[in-house]
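Residues per chain are reported as follows:
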Amino acid sequence: MMNNAIKVKSLTVIRGGKTVLPDLDLTVPTGSVTGLLGPSGSGKTTLIRCIAGIQTVAGGTVTVLGEPAGTARNRARVGYVTQSGSMYPDLTIRQNLAYFGALAGKDGSTIDSTIKDVGLTSRADALTGDLSGGEGIRVSLAAALLADPEVYLLDEPTVGLDPVLRRDLWKMFAGLADDGKTLLVSSHVMDEAGRCDRVLLMRDGDLIADATPDGLRAQAGTDDLEEAFLVLAERDAA
C-alpha cells in the first residue's frame, strides 16, 4: 500500500489573472481522514478540483493513487462530492441512487442501507430538486458511497447539517478510513479539525500548517483549534 494516496508538487493555478494556488506542495496519507481547513476563498475547492483532475493548472503535478490526476482509471477509483450536489432534480432520492447503484452493480438493499447511512430514509421518495442544500450534498455522498472508491474528495459535506448528523457522518468517515479508504474533507468550521487524523490549514492559497490536531495545538500554544488557526495565520502573515 502506498504511504501517500495523493501527492501535490509545485501546484500553481491562475484564474482571471490572479494566482489562486501559488506553488503548493502537500501529501495526503493513505487510509486516513485528512481535513482541509480554512476560510471561504482560501483555495480549498480549487485544490480539490485539481486532485479530481477537472481544474486547469498553470504548473506543477498532482498524483493520485500513483497516476496523474484525472486519468481514466482514476475516474472509477476517486469519488468527488461537490458543494452543490450532482443529482437529477426530477428524480427522487431513491431513483437517483438506483441509477447510480446500477452503474456500480449494487442491489436495492445496499441502496436502502446507504440512504439510511446519510440520514435520508424519511426523504427517500422526495424529488432531489425539492431538497435543501445540505440534503442534496448527502445524496451526492450516498452516490459516492455506492461507487465504493479508494479516494473520497468531500467538499464541505457537513455544511448546513445538524450536530447529530454531523457527528454520525464523521464517524462514518473514520470507519471508511479504518477500511483503508483515503478521505480529504474540506471545511471552514475549525472544530471539525479535531475529528481528523491530520489537518491541512490553508489561507489565501498557501498551506500554513500540516499537522495532527494535537500538533496544531502544540504549534499555536492553545487547546482551542479556532484560536490555533488565528495564531498560525497571524504568524504566517508576519
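A short tour of the structure in this document, coming up. What you see is a predicted model; the values in this text were computed from it and never measured.

## Topic: the overall build of the chain
- Helix and strand counts for the chain stand at seven helices and 10 strands.
- Computed over the C-alpha atoms, the radius of gyration of the chain is 18 Å, within 12% of the 18 Å expected from 2.2 N^0.38 for a compact globule of 238 residues.
- Its C-alpha atoms give the chain principal-axis dimensions of roughly 55 × 40 × 40 Å.
- With 238 residues in all, the chain has 49% of them scored as buried.
- For the chain, the exposed surface amounts to about 11,000 Å²; the carbon and sulfur share of it is 48%.

## Describing the layout of surface pockets
- Of the voids in this model, the largest pocket is the one considered here, and its volume is about 550 Å³.
- If you trace the largest pocket, you find 24 residues lining it, with R75, V78, G79, Y80 and A147 closest to the centre.
- The class makeup of the residues in the lining of the largest pocket is 15 nonpolar, eight polar and one charged.
- Approximately 220 Å³ is the volume found for the second largest pocket.
- If you go around the second largest pocket, you meet 16 residues; those closest to its centre are S40, G41, S42, G43 and K44.
- Of all the secondary structure elements, the ones that give two or more residues to the lining of the second largest pocket are β2 (18-29) and α1 (44-52).
- Split into classes, the residues belonging to the lining of the second largest pocket amount to two nonpolar, nine polar and five charged.

## Notes on the packing of aromatic side chains
- By the definition in use, this model includes four aromatic pairs.
- Here Y88 and Y99 contribute two aromatic rings whose centre-to-centre distance is 5.8 Å and whose plane-to-plane angle is 80°, an arrangement assigned as edge-to-face. Highlighted residues: Y88 in the loop between β6 (78-81) and α2 (93-104) and Y99 in helix α2, separated in sequence by 11 residues.
- We classify Y88 as partly exposed; its relative accessible area is 41%.
- Residue classification places Y99 among the partly exposed positions, given a relative accessible area of 39%.
- Residues Y99 and F100 carry aromatic rings whose centres are separated by 5.2 Å and whose planes lie at 75° to one another, so their mutual orientation is edge-to-face.
- Three or more aromatic residues joined by ring pairs make a cluster, and in this case those are Y88, Y99 and F100.

## Focus on unusual backbone geometry
- Positive phi is not limited to glycine here, since S10 has a value of about 55°.
- Secondary-structure assignment places S10 in strand β1 (residues 4-15).
- Backbone geometry places D23, a non-glycine residue, at a positive phi of 60°.
- Here D23 shows up in strand β2.

## Overview of the packing of α2 against helix α4 (residues 133-147)
- Following both chains from N to C, one finds α2 and α4 inclined at 25°, their axes separated by 9 Å at the closest point. With respect to α4, the element α2 is oriented roughly parallel. The hand of the α2/α4 crossing is right-handed. On the side of α2, the interface is formed by I93, L97, F100, G101 and A104, while α4 contributes V139, A142, A143, L146 and A147.

## Overview of the environment of F173
- Along the chain, F173 falls in helix α5 (residues 163-178).
- Between the C-alpha atom of F173 and that of L153, which follows or precedes it by 20 residues, the distance is 11 Å.
- Dropping the residues within four chain positions of it, F173 is found in contact with V33, L141, L154, P157, L183 and V185.

Conventions adopted
- Residues numbered from 1 in each chain as written.
- Predicted model: local features only at pLDDT ≥ 70, side-chain atom pairs only at ≥ 80, totals over all residues.
- Heavy atoms only, no water.
- Helix = DSSP H or I, 4+ residues; strand = E, 2+ residues; numbered from the N terminus.
- Rg over C-alpha atoms; globule rule 2.2 N^0.38 Å.
- Buried < 20%, exposed > 50% of the residue type's maximum accessible area, 1.4 Å probe, protein only.
- Areas by Shrake-Rupley, 256 points an atom, 1.4 Å probe, with all protein chains shown as cover.
- 1 Å grid on protein atoms, 1.4 Å probe; cavity = no way out; pocket = protein on both sides within 12 Å on 5 of 7 lines; lining within 4 Å.
- Points joined across faces, edges and corners; volume = space filled by probe spheres on them.
- Nonpolar A, V, L, I, M, F, W, Y, C, P; charged D, E, K, R; others polar.
- Phe/Tyr/Trp six-rings, centres within 6.5 Å; stacked < 30°, edge-to-face > 60°.
- Axes fitted to C-alpha atoms, helices over the stretch in contact; angles between N-to-C directions.
- Parallel < 35°, antiparallel > 145°, perpendicular 65-115°, else oblique.
- Left-handed = near helix turned anticlockwise from the far one by under 90°.
- Contact = heavy atoms within 4.5 Å.

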